[in-house]
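# A closer look at the structure
Read off the chains here:
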Amino acid sequence: MRITVSGLPGSGTTSLSRYLSERHGFTMISAGEVFRQCAKEHHMELAEFGRLAEKDPAYDKMIDARQKEIAEEKDNIIVEGRLSGWMVEKADLKIWLFAPISCRLDRIVFRDQIADVETAQAITLEREHCEAVRYRQYYDIDINDLSIYHLILNSEHWGINELGAIVDTAVAQLKAP
């Protein structure tokens, strides 16, 4: 089984992916982890590699291709990342998590230890805009097109265990003969 978990920053994709990985014994790969691995392979710090990736689309494309390659080679895998639902075309279950911006910003401030919500909002909105433009340019993907997803869940209203229980039910149905 292959499961993708996607969503905007602060929506809970990493938390849900970890839950599913632990609960079902699946391997988890994260676009962020692939990015960090590529930075290490290039003997660069994350920020330095990030600046390089912004200037040269080859790096984003390399990371997306690596994630897709890993996902297609393995079974029983959770692939977490903004584009994973688009990149892992043959996924058995594609999940999109969303939450209102105010909820996501609260999480981002806490997670990334940003000084205040206003700063987090400016950083997050700029990041989301930049990514949306790059996805459209590189792959002709509209990140707001959710039609490819099997499940779309609002993570503001449920904790990880509740979201996990919903996805567990979907996984059980997919595994049923």
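Refer to the structure above for everything that follows.
Before going into details, it helps to say that this report is about the structure given with it. (Residues numbered from 1 in each chain as written. Predicted model: local features only at pLDDT ≥ 70, side-chain atom pairs only at ≥ 80, totals over all residues. Heavy atoms only, no water.)

Pairing in this open sheet of five strands is parallel, and the strands run S2-S3-S1-S4-S5 from one edge to the other. This sheet does not close on itself; its edge strands, each paired only once, are strand S2 (27-30) and strand S5 (151-154). For this sheet, the mean inter-axis angle between neighbouring strands, taken without regard to orientation, is 20 degrees. Pairing of strand S1 (residues 2-7) with strand S4 (residues 93-98), which is carried by five bridges, proceeds in the parallel orientation. Residue Ile3 lies in a different strand from S4, and its bridge partner there is Leu93. Packing against the sheet, helix H2 (residues 31-41) makes contact with S2 and strand S3 (77-80), and its axis sits at approximately 65 degrees to S2. (Pairing = 2+ DSSP bridges. Helix = DSSP H or I, 4+ residues; strand = E, 2+ residues; numbered from the N terminus. Axes fitted to C-alpha atoms, helices over the stretch in contact; angles between N-to-C directions. Contact = heavy atoms within 4.5 Å.)

Positive phi is not limited to glycine here, since His43 has a value of about 55 degrees. Residue placement: His43 occurs in the loop between H2 and helix H3 (46-55). Located in the positive-phi region is Asp140, a residue other than glycine, with phi close to 60 degrees. Within the fold, Asp140 resides in the loop between helix H7 (117-139) and S5.

Per the counting criterion, the structure on display carries two aromatic pairs. Ring geometry for Trp96 and Tyr149: centres 5.4 Å apart, planes at 50 degrees, overall tilted. With Trp96 in strand S4 and Tyr149 in the loop between H7 and S5, the pair connects residues that are 53 residues apart, well separated along the chain. Both residues of the pair, Trp96 and Tyr149, belong to the buried class. (Phe/Tyr/Trp six-rings, centres within 6.5 Å; stacked < 30°, edge-to-face > 60°. Buried < 20%, exposed > 50% of the residue type's maximum accessible area, 1.4 Å probe, protein only.)

Below, the discussion takes up the environment of Tyr139. Examined against the element boundaries, Tyr139 turns out to sit in helix H7. Given a relative accessible area of 26%, Tyr139 falls into the partly exposed group. Each C-alpha atom, one on Tyr139 and one on Met87, is 9.9 Å from the other, the two residues being 52 residues apart in sequence. Setting aside its immediate chain neighbours within four residues, Tyr139 contacts Asp60, Lys61, Asp64, Leu83, Met87 and Arg134. Looking at Tyr139, its side chain comes within polar contact range of the side chain of Asp64, at 2.6 Å. (Polar contact = N/O pair within 3.5 Å; in protein donor to acceptor, adjacent residues only side chain to side chain.)

Turning to the nonpolar core, a few remarks are in order. Ile3, Val5, Leu16, Leu20, Leu93, Ile95 and Val167 are the most contacted members of the largest nonpolar core, which totals 18 residues. The element contributing the most residues to this core is helix H8 (residues 160-175), with four residues. Not counting the four nearest positions on each side in its chain, Ile3 is found in contact with Phe26, Ile77, Ile78, Val79, Leu93, Ile95 and Val171. (Core = buried A, V, L, I, M, F, W, Y, C linked by side-chain atoms within 4.5 Å.)

It is worth spelling out the packing of helix H4 (residues 57-73) against H7 at this point. One way to put it is that H4 packs onto H7 with a least axis distance of 11 Å and a crossing angle of 80 degrees. As the angle between them shows, H4 and H7 are arranged roughly perpendicular. For the pair formed by H4 and H7, the contact residues are Pro57, Asp60, Lys61 and Asp64 on the first element and Arg134, Tyr138 and Tyr139 on the second. Among the residues making up the contact of H4 with H7, the classes are represented as three nonpolar, no polar and four charged. (Parallel < 35°, antiparallel > 145°, perpendicular 65-115°, else oblique. Nonpolar A, V, L, I, M, F, W, Y, C, P; charged D, E, K, R; others polar.)

Take helix H6 (residues 101-112) next. Taking 1.5 Å per residue as the helical rise, H6 with its 12 residues ought to reach 16 Å, and the 16 Å between its terminal C-alpha atoms agrees with that figure. Among the residues of H6, Cys103, Arg104, Leu105, Ile108 and Val109 are the ones counted as buried. Packed against the buried residues of H6 are H7. (Expected span 1.5 Å × (residues − 1).)

These results come straight from atomic positions and should not be treated as a statement about function.
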